[in-house]
Amino acid sequence: MLSVLFKEMSVFGYFGIVLAVIAILLELSYILSVLIAKNKVVVANKKVLVAYTIIALIGIIVFVLIYSVTLTALIYSLAVLLLIPSAFTFLTPEGIRTFLFAGKGIISTDRISYEYKDKVLELYINDSGIPKVYDLGTTNINTVKMLADWYSKHDYQNPLIK
């Protein structure tokens, strides 16, 4: 029965399936984390979104060509397809949504700071010197209001009103 579902594979093939299943579980936990958030806005980086979409499309085509239509190809294809939602960052009044397994699915606002530079949003997590850069959804009025609320909660100066 299993030989029908899985083509004959090496140990590395089975290891790949285990990794793909783990990736699917992580990606589903991210989607669930986003779905349980009530008030959220979305920001993204164009380049990352395009790259993730291209990787997903190429991955699905390659997996179907290599494995034809088998359970292995479906598992790999699902893993790369579910990669696309992780190209988006969901901001909530509490912070940034993340995998449910990591900090209960949220990075709190007290660990995040941000800057706007020419319609580009830079988020700094844990005062890291390397920002996460976003250029989609950053000028949305709901995004601007939510970020302004983050600062007022912690008595920070809002960079939007400097």
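None of the values given here were measured: they were computed from a predicted structure. (Residues numbered from 1 in each chain as written. Predicted model: local features only at pLDDT ≥ 70, side-chain atom pairs only at ≥ 80, totals over all residues. Heavy atoms only, no water.)

So, the layout of surface pockets
Stage number 1. Size it by volume and the largest pocket reaches roughly 350 Å³.
Stage number 2. If you trace the largest pocket, you find 18 residues lining it, with Ser86, Phe88, Thr89, Lys132 and Tyr134 closest to the centre.
Stage number 3. For the lining of the largest pocket, the secondary structure elements donating two or more residues are helix H3 (46-67), strand E2 (88-92), strand E3 (95-97) and strand E7 (132-134).
Stage number 4. Looking at the lining of the largest pocket element by element, the count peaks at three residues for E7.
Stage number 5. Along the lines of polarity and charge, the residues of the lining of the largest pocket split into 12 nonpolar, four polar and two charged. (1 Å grid on protein atoms, 1.4 Å probe; cavity = no way out; pocket = protein on both sides within 12 Å on 5 of 7 lines; lining within 4 Å. Points joined across faces, edges and corners; volume = space filled by probe spheres on them. Helix = DSSP H or I, 4+ residues; strand = E, 2+ residues; numbered from the N terminus. Nonpolar A, V, L, I, M, F, W, Y, C, P; charged D, E, K, R; others polar.)

Considering the nonpolar core
Stage number 1. Core analysis: the largest hydrophobic core is formed by 15 residues, its most contacted members being Leu91, Ile96, Leu121, Leu123 and Trp150.
Stage number 2. Of all the secondary-structure elements, those providing two or more residues to this core are strand E1 (41-44), strand E5 (112-117), strand E6 (120-125) and helix H5 (141-153).
Stage number 3. Considering each element in turn, this core owes the most residues, four residues, to H5.
Stage number 4. Not counting chain neighbours up to four residues away, the residues in contact with Ile96 comprise Thr89, Phe90, Leu91, Gly105, Ile106, Ile107, Ile112, Leu123, Ile125 and Trp150. (Core = buried A, V, L, I, M, F, W, Y, C linked by side-chain atoms within 4.5 Å. Buried < 20%, exposed > 50% of the residue type's maximum accessible area, 1.4 Å probe, protein only. Contact = heavy atoms within 4.5 Å.)

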